[in-house]
Amino acid sequence: MLDKVIKDEFISLRRRFLEKEFSRMNDRQREAVFCTEGPLLILAGAGSGKTTVIINRIANLVKYGNAYESDFVPDYVTDGDLEVLRQAVKGNPSAEILRRAEELCKVNPCPAWRILAITFTNKAADELKARLSNMLGEEDGSEVQASTFHSFCARILRRDGHHLGYSSHFTIYDTDDSRRLMKECMRELNISDKFLTVKEILNEIGRAKDSLLSPEEYMAQYSWDSRKKLIANAYVMYQKRMKEADAMDFDDLLYQTVRMFRTVPEVLEVYQNRFKYMMVDEYQDTNHAQFVFISMLAQGYGNLCVVGDDDQSIYKFRGATIENILGFEQQFKGCRVIRLEQNYRSTKNILKAANAVISKNVNRKGKTLWTQNPEGEKIEIHRVDNEDEESRFIADTILDGVAAGRKFSDFAVLYRMNAQANALERALAKSSVPYRIVGGHRFFDSLEIRDAIAYLRVINNPNDTVALLRIINQPKRGIGDVTLQKASNIAGGLGVSLYDVLLDAGHYPDISRAAFKIKEFTDIIEELRRINENPDYSIHYLYNRMLELTGYKAMWEQAGESEAGRVENLNELASSIIDYEKNSPDEIPQLEGFLEEVALMTDIDNYEAGSDAVVLMTMHSAKGLEFPVVFLPGFEDGIFPGMQTFFNPEEMEEDRRLCYVAITRAKEKLYILNAGSRMIFGSTTHNRPSRFLADIPEELILSFDHYGGGSSSWGDSTSQSYGKFGGGYGGFSGYEGARGSAGNSFDTKNVRAGAAARSSVAGGGISALEKNVKAPAKPGAGTRWKEGDMVSHKVFGKGVIMAITPMGNDYLLEIKFDKAGMKKVMANFANLTPVTN
DNA sequence: AGCAAAATGATTTTT
DNA sequence: TCATTTTGCT
């Protein structure tokens, strides 16, 4: 039995040694690193060194286990050992001393493979692995299970999914595949897309899966609601088809895994026992299913650490529930909470602005970031005429900055909508500013790439009917919809896959007419499948053969100059495949592996700060990144915060969080812009400055007003003031112009502004509407209305317009009809004709 | 079956 | 505005 004095000194020395080991972190961060046991919530503000904490925490677990908080002392500790520690904690100890000290300070170190680290992006997972390998050595570093929820679940399901009747080769469907499949289901169930759109149904199914409701449970729960009953039917058929195709969508990956954990406890136990420590990054972005998934695993050892920032929860529309992070303390009793509030990224001014904006939110844990960084420059807020001026201002400011010694890559432009990128792109190109757009149209979403991938998917899994239908007549092979419809029916009747039917199309009289053409197609696929199964051939060889044999590439090559980009993309995909083959951990890289990577990949993963170019991306995509100078265009009510947020406080809070995220991307200088008028989606809007601007304290900002209501230069006419908002803003919030509409339905989701609303609002404001000239007679081609006009309605008959209210892209008319009485109708949908007395 | 014209939809999108 | 999807026609 060791002497208590020795014990106490040993423990205290061990702590000092560990503190020295992790001395590069601040106190809070270190506390998070050493807190290894039980549930832990780390509230990590923007730029607070969150990733560093995660990495060091894992490193600590692998190297020292739970040594810091443990009072365990090994029996063999001698006076000599104490001396080693004493030397190790002061001055510059020798390597030998250090090595022995490290040995002495281990308490239940955890093997790297028993640590699970969940991230949201592949990029984050890869980064984590790279930095861990760097810190712990390749050996341990690569053994830490760092992956996304989805790829981790996919791995589990490939191994154990047979319990649910899935093969280990199941295909992963993306949203487009799901849409196609749902369209099929709706056709068969006779659900009109006028009544329920594909999107609505898939959204609802997504929510059901997120709530872990099976089709049957969903049906039972909502049997009283006829609309939901229809959705339930669609859900049932959709899941059935997915199973038949041996396919899972993104939501299935989690939903099915949890379902399997519930029904087959032995499988769950395997994973519970394996993972002694678990960490979840970006916890504020988890949804309910992910919460249940991770909770189930955590029931094993209970060592669950989640890291996140409730103020940066911006993916509610993807199912993220901020309640997961807000309620963590309730859900995991005895949980410890550590706040990381010191920011290492931004200036004091930028942080103060961010704090001020986010403090207006009610639904939050509450955190105030602080920094030791300098005060920094003030935030510049500029009001300009329109989006072209806005873009020009940004281009000019960047050029000035570069002239003053900055790099192009120091600048980022973060916008709310991808559609805002167009104007920026034009201006930057005009000024020869190198730029890069991240996100928006994704490479893997382009038509030709999706087709090419669909071919590979059919080769990999011919039961993948969605992929098969996508490419079977692409290029045209004379296999039309009618034939495929019949073939599908036969397949359904026989309980086999569509491809099986096609394989011996000759046997079925219904489709025998097309049998020859079908055989030509299946012969090609069979040939390609043989190539795929032959280990002598690489994936990229298979890919090239596929492009040749199917005639798919030739199709685009013959399509002329305008489609040259598609051919380029097809070649680009070949490089991706070769890349995959090079980097694949497998001895012989498999097509299946490539397809899985593609299915779970996004373009943001490819963002690297490599080239010296200005970066353009959405505020969402920018989360986690930082730039010396940030421009935030489009700070206008109706754009940011968006229109839909006005009536929905929760949405408003989400947009406010997004604003917080955007502001905190800036390290040194922040420019916020807004335009008096803006052309978006083909119609012009007139907007007031964003209400978020009012939240930023005056003393932090420099305000410039270039808004001249038509003047196109800010050179001389610039009014500068050091208070808030230089001049008065003219204009009104409303819309002019859009495409014409001939609709005569009252279905609000189809509401569109028609040519009827097109006008040049010179004087600004509703007055322009009121002053407007008499409506021309042609309906739908320039018709406008004013109060007192006599009109005729298809259903309601004759009436007089009593009131006009602008609403969205349209106008709400209140009409007193002779027979039908007072009615409210949308101008562009009422299909009114003027009545002249 | 295949084409051109018309309609449609558009916030954000870690997988 | 713009790309893609649906439609209406031959």
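Predicted model only: the values in this text are computed from it and were never measured.

Things to note about the overall build of chain A
Each helix and strand in chain A was counted, giving 31 helices and 24 strands. Residues counted as buried form 53% of the 837 residues belonging to chain A. Considering only contacts within chain A whose residues lie at least 6 apart along the sequence, 73% involve residues at least 24 apart.

Examining the pattern of salt bridges
Across all of its chains, the model carries 56 salt bridges by this definition. Two residues, Glu204 and Arg207, come together in a salt bridge whose shortest N-O distance is 3.5 Å. Within this pair, Glu204 and its partner Arg207 are both found in helix 10 (residues 198–210), separated by three residues, close to a single helical turn. When the shortest N-O distance is used, the salt bridge between Arg566 and Glu563 registers 2.7 Å. Where salt bridges share partners, they join Asp174, Asp176, Asp177, Arg179, Arg180, Asp445, Arg450, Asp451, Arg457, Asp464 and Arg470 into one cluster.

Describing the nonpolar core
Grouped together as the largest cluster of nonpolar side chains are 73 residues, with contacts concentrated most on Met182, Leu253, Phe261, Phe293, Leu297 and Leu304. The greatest single-element share of this core, amounting to eight residues, is contributed by helix 15 (residues 288–298). When sequence neighbours within four positions are dropped, the list of residues in contact with Met182 reads Val198, Ile201, Leu202, Ile205, Ala234 and Tyr238. By size, the runner-up hydrophobic cluster in this structure holds 52 residues, among which are Ile453, Leu498, Ile577 and Tyr580.

Quick notes on helix 10
A rise of 1.5 Å per residue sets the reference length of helix 10, with its 13 residues, at 18 Å; its end C-alpha atoms lie 18 Å apart and thus fit the reference within 8%. Structurally, helix 10 contributes buried residues whose contacts are with helix 9 (175–188), helix 11 (215–221), helix 12 (226–244), strand 5 (247–249), helix 13 (250–263) and helix 15. After helix 10 finishes, the residue Leu212 shows a positive phi value of roughly 65°.

Some words on the pairing of strand 2 (residues 115–119)
Among the five residues of strand 2, five are classified as buried, and the element is accordingly described as predominantly covered. Judged by which residues are buried, strand 2 turns out to be covered on both faces: Ile115, Ala117 and Thr119 on one side and Leu116 and Ile118 on the other are all buried. Both strand 2 and strand 3 (residues 145–148) contribute to a ladder of four bridges, which runs parallel. Residue pairing in the sheet places Ile118 in a bridge with Ser147 of strand 3.

Topic: the packing of helix 2 (residues 27–34) against helix 3 (residues 50–64)
Put simply, helix 2 and helix 3 touch, their axes get as near as 8 Å, and they point 40° apart. When the axis of helix 2 is compared with that of helix 3, the two are oblique. Note on packing geometry: the crossing formed by helix 2 with helix 3 is right-handed. On the side of helix 2, the interface is formed by Gln29, Ala32, Val33 and Phe34, while helix 3 contributes Val53, Asn56, Arg57 and Asn60. Per-class residue counts for the contact of helix 2 with helix 3 are four nonpolar, three polar and one charged.

A closer look at the sheet that holds strand 2
As summarised here, the arrangement of the six strands in space is 3-2-6-7-1-8, forming an open sheet in which the pairing is parallel. The open sheet is flanked by strand 3 and strand 8 (336–340), the only strands paired with a single partner. Across the sheet, the mean angle separating the axes of adjacent strands is 15° when strand polarity is ignored. Those strands touched by helix 2 are strand 1 (40–44) and strand 8, and its axis lies near 145° from that of strand 8.

Things to note about unusual backbone geometry
Look at the link from Gln474 to Pro475: it is a cis peptide, with omega at 5°. With respect to the helices, strands and loops of the structure, Pro475 is situated in the loop between helix 22 (465–471) and helix 23 (481–494). Of note, the amide linkage connecting Phe640 to Pro641 takes the cis form, showing an omega dihedral of 5°. Mapped onto the fold, Pro641 is located in the loop between strand 13 (627–632) and helix 30 (649–663). At Glu282, a position not held by glycine, the phi torsion is positive, near 50°. Structurally, the position occupied by Glu282 is in the loop between strand 6 (277–280) and helix 15. Looking at Glu282, the relative accessible area reads 16%, which means it is buried. Although it is not a glycine, Ser432 adopts a positive phi angle of roughly 55°.

Focus: the packing of aromatic side chains
Scanning the model with the defined rule gives 28 aromatic pairs in all. On the numbers, 6.5 Å between centres and 80° between planes, the contact of Phe22 with Tyr64 is edge-to-face. Placement of Phe22 in the loop between helix 1 (4–21) and helix 2 and of Tyr64 in helix 3 is noted, with a sequence separation of 42 residues between them. By the burial criterion, Phe22 is buried, and Tyr64 matches it. In this structure an aromatic cluster arises from ring pairing among Phe120, Phe149, Phe152, Phe261, Tyr271, Phe275 and Phe293. When the ring centre of Tyr707 is taken as reference, the NZ or CZ atom of Arg383 above it lies at 4.9 Å. Between Lys669 and the ring centre of Tyr671, over which it is positioned, the NZ or CZ distance is 5.2 Å.

Describing the state of the cysteines
On inspection of all chains with the given rule, the structure shows zero disulfides. No disulfide involves Cys305; its sulfur sits 7.6 Å from the nearest other cysteine sulfur, which is in Cys35.

Focus on helix 9
Taking 1.5 Å per residue as the helical rise, helix 9 with its 14 residues ought to reach 20 Å, and the 20 Å between its terminal C-alpha atoms agrees with that figure. Those residues of helix 9 that sit buried are Asp176, Asp177, Ser178, Leu181, Met182, Cys185 and Met186. Those residues of helix 9 hidden inside the fold are in contact with strand 4 (171–173), helix 10, helix 12, strand 5, helix 21 (447–460) and helix 22. A side-chain oxygen of the first residue of helix 9 lies 3.0 Å from the backbone nitrogen of Asp176; this N-cap is Asp174. Of the residues trailing helix 9, Asn190 is marked for its positive phi of about 55°.

As for the layout of surface pockets
Any empty space left between the atoms is revealed when a probe the size of a water molecule rolls over them. Its boundaries defined by the atoms lining it, the second largest pocket holds a volume of some 930 Å³. Lining the second largest pocket we find 32 residues, and of these Glu184, Thr465, Leu469, Ser488 and Leu498 sit closest to its centre. Every element with two or more residues in the lining of the second largest pocket is listed here: helix 9, helix 12, helix 22 and helix 23. Among the elements that take part in the lining of the second largest pocket, helix 23 stands out by supplying seven residues, more than any other. Looking at side-chain class alone, the lining of the second largest pocket contains 11 nonpolar, 11 polar and 10 charged residues.

Here we look at the pairing of strand 13
Two faces belong to every sheet, and in a regular strand the side chains alternate between them. For strand 13, the buried fraction is high: six of the six residues fall into the buried class. Following the chain from strand 13 across helix 30 to the adjacent parallel strand 14 (residues 666–675), one finds a crossover that is right-handed.

Notes on the environment of Leu428
Mapped onto the elements of the fold, Leu428 is located in helix 20 (residues 421–430). Considered as a pair, Leu428 and Leu399 are 29 residues apart in the sequence and their alpha carbons are 9.8 Å apart. Non-local contacts of Leu428, meaning those with residues more than four positions away in its chain, are made with Ala395, Ile398, Val433, Tyr435 and Leu616.

Here's the deal with the confidence of the model for chain A
Overall, the predicted model of chain A reaches an average pLDDT of 85, with 86% of residues at or above 70. Long-range and interchain partners of residues 710–718, a stretch whose pLDDT sits below 50, account for 17 contacts in this model, where long-range means more than four residues apart. Note on residues 721–783: pLDDT is under 50 here. Beyond four places in sequence and across chains, it has 124 contacts.

Rules behind the numbers
- Throughout, a residue's number is its position along its own chain's written sequence, starting from 1.
- The lettering of chains begins at A and the numbering of ligands begins at 1, in the order of writing.
- Local features in a predicted model are, by the rule used here, given only for residues with pLDDT of at least 70; side-chain atom pairs are given and counted only at 80 or more, and totals for whole chains, interfaces and linings are based on all residues.
- With hydrogens and water excluded, all non-hydrogen atoms of the structure serve as input to the side-chain values.
- Comment: elements are numbered from the N terminus, with helices defined as DSSP H or I runs of at least four residues and strands as E runs of at least two.
- Three exposure classes are used, based on accessible area relative to the maximum for each residue type with a 1.4 Å probe and protein chains only: buried under 20%, partly exposed in between, and exposed over 50%.
- Here a residue-residue contact requires only that any non-hydrogen atoms of the pair lie within 4.5 Å.
- Between Lys or Arg on one side and Asp or Glu on the other, a salt bridge is scored when a side-chain nitrogen of the former is within 4 Å of a carboxyl oxygen of the latter.
- Within this scheme, the nonpolar core is defined by two criteria: the residues are buried Ala, Val, Leu, Ile, Met, Phe, Trp, Tyr or Cys, and they are joined through side-chain atoms within 4.5 Å.
- Expected helix span is given by 1.5 Å per residue-to-residue step, counting one fewer step than there are residues.
- The criterion for strand pairing is that DSSP finds at least two bridges linking the strands in question.
- The axes used here are C-alpha line fits, helices contributing only the stretch in contact, and every angle between their N-to-C directions lies in the interval 0 to 180 degrees.
- Throughout, the term roughly parallel applies to angles under 35 degrees, roughly antiparallel to angles over 145, roughly perpendicular to angles from 65 to 115, and oblique to all others.
- Definitions for this section: a left-handed crossing has its near helix turned counterclockwise from the far helix by less than a right angle. A right-handed crossing has that turn clockwise.
- By the convention adopted, Pro, Cys, Tyr, Trp, Phe, Met, Ile, Leu, Val and Ala count as nonpolar, Lys, Arg, Asp and Glu as charged, and the other residues, Gly among them, as polar.
- Any two rings among Phe, Tyr and Trp, with Trp reduced to its six-membered ring, count as a pair given centres within 6.5 Å; such a pair is stacked if its planes are under 30 degrees apart, edge-to-face if over 60, and tilted if neither.
- The criterion for a charge sitting over a ring is simple: Lys NZ or Arg CZ within 6 Å of the ring centre, and within 35 degrees of the ring normal.
- A pair of cysteine sulfur atoms is labelled a disulfide when the two atoms are within 2.5 Å.
- Under the rule applied, a polar contact is a pair of N or O atoms within 3.5 Å (in protein, one hydrogen donor and one hydrogen acceptor; residues adjacent in sequence only if both atoms are side-chain atoms).
- In this analysis a 1.4 Å probe is tested at points of a 1 Å grid over the protein atoms alone, and where it fits but cannot get out there is a cavity; an open set with protein on both sides within 12 Å along at least five of seven lines is a pocket; lining residues have an atom within 4 Å of a point.
- Grid points are joined across faces, edges and corners, and a volume is the space filled by probe spheres set on the points.
- By convention, a crossover is right-handed whenever its connection, traced from the first strand over the helix to the second and viewed with the strands pointing away, goes clockwise.
- The predictor attaches a confidence to each residue, called pLDDT, with possible values from 0 through 100.

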